[in-house]
Each structure stands twice: as C-alpha cells, then as structure tokens.
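Topology and contacts: notes
Residue strings, one per chain:
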Amino acid sequence: ETGVTQTPRHLVMGMTNKKSLKCEQHLGHNAMYWYKQSAKKPLELMFVYNFKEQTENNSVPSRFSPECPNSSHLFLHLHTLQPEDSALYLCASSQEPRTGGGTQYFGPGTRLTVL
Amino acid sequence: DQQVKQNSPSLSVQEGRISILNCDYTNSMFDYFLWYKKYPAEGPTFLISISSIKDKNEDGRFTVFLNKSAKHLSLHIVPSQPGDSAVYFCAASRDRDDKIIFGKGTRLHILP
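Computed from a prediction, not measured in an experiment: that's the story for all the values here. (Residues numbered from 1 in each chain as written. Chains lettered and ligands numbered in written order. Predicted model: local features only at pLDDT ≥ 70, side-chain atom pairs only at ≥ 80, totals over all residues. Heavy atoms only, no water.)

Considerations on the sheet that holds strand 1 (residues 4–5) of chain B
Working definition: the strands of a sheet are paired by backbone hydrogen bonds and lie parallel or antiparallel to each other. Residues and elements named next belong to chain B. For the record, the criterion: In this description, strands pair whenever DSSP reports at least two bridges between them. Secondary structure elements follow DSSP: runs of H or I of four or more residues count as helices, runs of E of two or more count as strands, with numbering from the N terminus.
Taken in spatial order, the 5 strands line up as 1-3-8-7-6 in an open sheet, and their pairing is antiparallel. Among the strands making up the open sheet, the edge pair consists of strand 1 and strand 6 (56–59). Taken together, the 4 bridges between strand 6 and strand 7 (residues 62–67) define a ladder with antiparallel strand orientation. Looking at the pairing, Glu58 lines up with Thr63 of strand 7.

What follows is the structure in structure tokens.
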C-alpha cells in the first residue's frame, strides 16, 4: 500500500473524448503533483498543488486541466488529446514543500492511450 | 537540456554481486538528491536520498555516494538480489522544498 491511489489504471480514449484521471492520497500530505512519463524520456513534472493551490504549471497545454478540490484529491481532466499524449501519468504527494519533506510518494500511474 | 543524466539505459549484474548505478547532473545549484525504484505497472518508490552536505548515505544494502566536484552520484546495492531488478531513477532538487528533476532511469537486471 503506497498510500497514493490512482484510477483508472488504464485508459484508452479517442481524440474527441473527455475523460478524467483521479488521484487520492491517504498520507496526510498537503502537496500533490502530476507527472507524465513518456517512453525514453525523463519524468516530466506537469502541475503542483500546495494546500489546494496550484503553484506550478510546467507549460502544460490547456487540453490538460487539473483540479484539486482538497489536499487529498487531485484530478486531471483531459479533452481533445493528441496521440502523442499517450503516456503513463503519475500522481505523487509530499509534505507541504516549504517546510521540508521533499520526498514524494507516487501512485501506480494511469496508462493512457490516445487513438 | 537534461539536468539529470543517467547514461546507462540498462545494467545486468550477477546475483550476490555489487550493482553500481550512476548519475550525473549539470546544475550546481542542486543540493538534494534522491533515488527511486520502479517496478512495472507501479509508480516509483522512494529508495534513498542524500543532502549535499554529505558524501555518503547508507541504508541497509543501499549506499549513495555523492561527488559534488564531479557532479556525480552513484547508488551501490550489495549484495544484489533478484527483487532488485527494476528501473532506478536518479533525481535532484535545489533544496528539499523545490521541484524534483528526474533522470531517464536505468533498468537493472539481476541475473541468477
């Protein structure tokens, strides 16, 4: 049990679909993150939420829309994606960054395929 | 430009021997370094970290060495076990509170 869960684990969608990825952390952390892992590329940070406030948007296209209703839940809303958006999307959480505890704990990821 | 580089995509080591995974970084402002381990179909799991004020940190079979002048760190696993077969990610940040930059990973195969 990693303490960070993600659903769904696998998702196949067409370019005109709208879908959402969900992440939930049970660790009492206050910061949550979305990462993208593409084949043969480093993990890419997409978004950071700290105490429900977005503190980082790493030049992510607007077809990815995050939502953080509370410190335990994080969503990634997807619409009009492209085939090159196919990747593993990982959620992570950590203690509130500015007071230390930079170690991030990851969920299992959602394997997304865009047709 | 990659700030954290893992130049070996894969590594094979005999069970019982020492596994050495290497990582180089370019940003001299990095002062906190981490290693993550990832099994297929799972997210990365934190393994061990080191602050730039140290040059070595040990946790059981895992030891991380940091050479700041060379901007190089390495993860030693001894003795290597079959369960160590995984992808290992090196990561770095400017301080413990900043975003973490990851390398591409090295796939470690432990041979029977």
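Quick notes on the pattern of salt bridges
All names here are of chain B. This is how the line gets drawn: Every case where a carboxyl oxygen of Asp or Glu lies within 4 Å of a side-chain nitrogen of Lys or Arg is listed as a salt bridge. The buried label goes to any residue with under 20% of its type's maximum accessible area, the exposed label to any with over 50%, and the partly exposed label to all in between, with areas taken from a 1.4 Å probe on protein chains only.
In the structure shown here, the tally under the stated rule is 3 salt bridges over all chains. A salt bridge links Asp84 to Lys37, with the nearest nitrogen and oxygen atoms 4.0 Å apart. Residue Asp84 is located in the loop between strand 8 (72–77) and strand 9 (86–93), and its partner Lys37 is located in strand 4 (residues 32–38); the two are separated by 47 residues in the primary sequence. Summarising the burial analysis for this pair, Asp84 and Lys37 share the class buried. In this structure, the salt-bridge partner of Arg61 is Asp84, at a minimum N-O distance of 2.8 Å. With Arg61 in the loop between strand 6 and strand 7 and Asp84 in the loop between strand 8 and strand 9, this pair connects stretches of sequence that are 23 residues apart. Taking the relative accessible area as the measure of exposure, Asp84 reaches 2% and is therefore buried.

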